[in-house]
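An overview of the molecular structure
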Amino acid sequence: MIRTGLGKDLHRLVSGRRFLLGGVEIPSAKGELGHSDGDVLCHAVIDAILGAAGLGDIGEFFPSGDPFYKDANSWELLRKAKEKVTAAGWKVLNIDCVVTCEEPKILPYREKIRASLAKALEMDIDSVFVKGKTNEGLGETGKDEAVEALAVCLLEKK
Ligand code: MG
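I will try to describe carefully the structure that is included in this document.

Another aspect to go through is the coordination of the magnesium ion. In the first shell of the magnesium ion, the protein supplies D9 (OD), H11 (NE2) and H43 (ND1), at 2.1 to 2.2 Å from the metal. Mapped onto the sequence, the residues coordinating the magnesium ion show the spacing D-x1-H-x31-H. Here H43 lies in helix α1 (residues 40-52) and D9 lies in strand β1 (residues 2-15), a separation of 34 residues in the sequence. Assessed through its relative accessible area of 8%, H43 is described here as buried.

Below is the structure:
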């Protein structure tokens with residue numbers, strides 16, 4: 001059995017916060033605001049794999065109102081989500097993602113981000129891809145007020 005999953009997340013960008021994508025810190029004037037560390041890409045991938053497995057969503061497993069998840073390491077949450085998906089009998093075949101923001105540029109960090117996500121998911125780097133886009137100056141992402149991530153995945157029942 002094969003299933004697809006879709007995840008989406010958006011975080012406000014503010015000064016004085018780290019900019020994290022897939023567990024990789026990228027130098028930037030602004031970073032993601034969030035109850036956790038705000039890693040928008042990890043959050044989107046978590047929702048994609050949990051959704052594909054029919055297990056739930058990130059808010060159910062890691063509630064943002066829970067003090068336990070204050071400043072939580074989202075890369076570790078992704079590892080935990082992957083463990084739940086594996087325990088339910090699913091293997092993640094591939095992940096594909098789009099990150100939209102004006103700044104910083106994603107391309108110079110792309111391979112590092114792919115490697116980091118692949119490590120969390122215990123997958124080959126070939127099966128994990130990440131693309132950076134801008135929003136042509138339009139909307140929150142275009143105005144450098146937010147960063148958005150979309151992720152799709154394919155799961156196979158082992
Ligand atoms: Mg989030």
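Moving on from the model shown.
What follows concerns the packing of aromatic side chains. The final tally for this structure, using the stated rule, is 3 aromatic pairs. On the numbers, 6.3 Å between centres and 50° between planes, the contact of F61 with F62 is tilted. Here F68 and Y69 contribute two aromatic rings whose centre-to-centre distance is 5.0 Å and whose plane-to-plane angle is 85°, an arrangement assigned as edge-to-face. Under the relative-accessibility criterion, F68 is labelled exposed at 62%.

Our next topic: the pairing of strand β5 (residues 90-100). Direction of pairing for β5 relative to strand β7 (residues 146-157): antiparallel, over a ladder of 10 bridges. Residue pairing for β7: I95 is matched across the bridge by C153. Here β5 runs beside strand β6 (residues 128-133); their pairing, made up of 6 bridges, is parallel. When the bridges of β6 are listed, C97 appears paired with V130. For the handedness criterion, the β-α-β arrangement of β5, helix α4 (residues 110-121) and β6 is classed as right-handed.

It is the contact of α1 with helix α3 (residues 74-87), at a shortest axis distance of 9 Å, that shows an interaxial angle of 10°. Classed by the angle they form, the pair α1 and α3 counts as roughly parallel. Contacts between α1 and α3 involve C42, H43, V45, I46, I49 and L50 from the first element and S74, W75, L77, L78, A81, K82 and V85 from the second. In the contact of α1 with α3, the residues fall into 10 nonpolar, 2 polar and 1 charged.

The rules behind the values
- Residues numbered from 1 in each chain as written.
- Predicted model: local features only at pLDDT ≥ 70, side-chain atom pairs only at ≥ 80, totals over all residues.
- Heavy atoms only, no water.
- Donors = N, O, S within 2.8 Å, 3.2 Å for Na, K, Ca; no water.
- Helix = DSSP H or I, 4+ residues; strand = E, 2+ residues; numbered from the N terminus.
- Buried < 20%, exposed > 50% of the residue type's maximum accessible area, 1.4 Å probe, protein only.
- Phe/Tyr/Trp six-rings, centres within 6.5 Å; stacked < 30°, edge-to-face > 60°.
- Pairing = 2+ DSSP bridges.
- Right-handed = clockwise from strand over helix to strand, strands pointing away.
- Axes fitted to C-alpha atoms, helices over the stretch in contact; angles between N-to-C directions.
- Parallel < 35°, antiparallel > 145°, perpendicular 65-115°, else oblique.
- Contact = heavy atoms within 4.5 Å.
- Nonpolar A, V, L, I, M, F, W, Y, C, P; charged D, E, K, R; others polar.

Bear in mind that shape data such as this cannot, by itself, settle questions of function.
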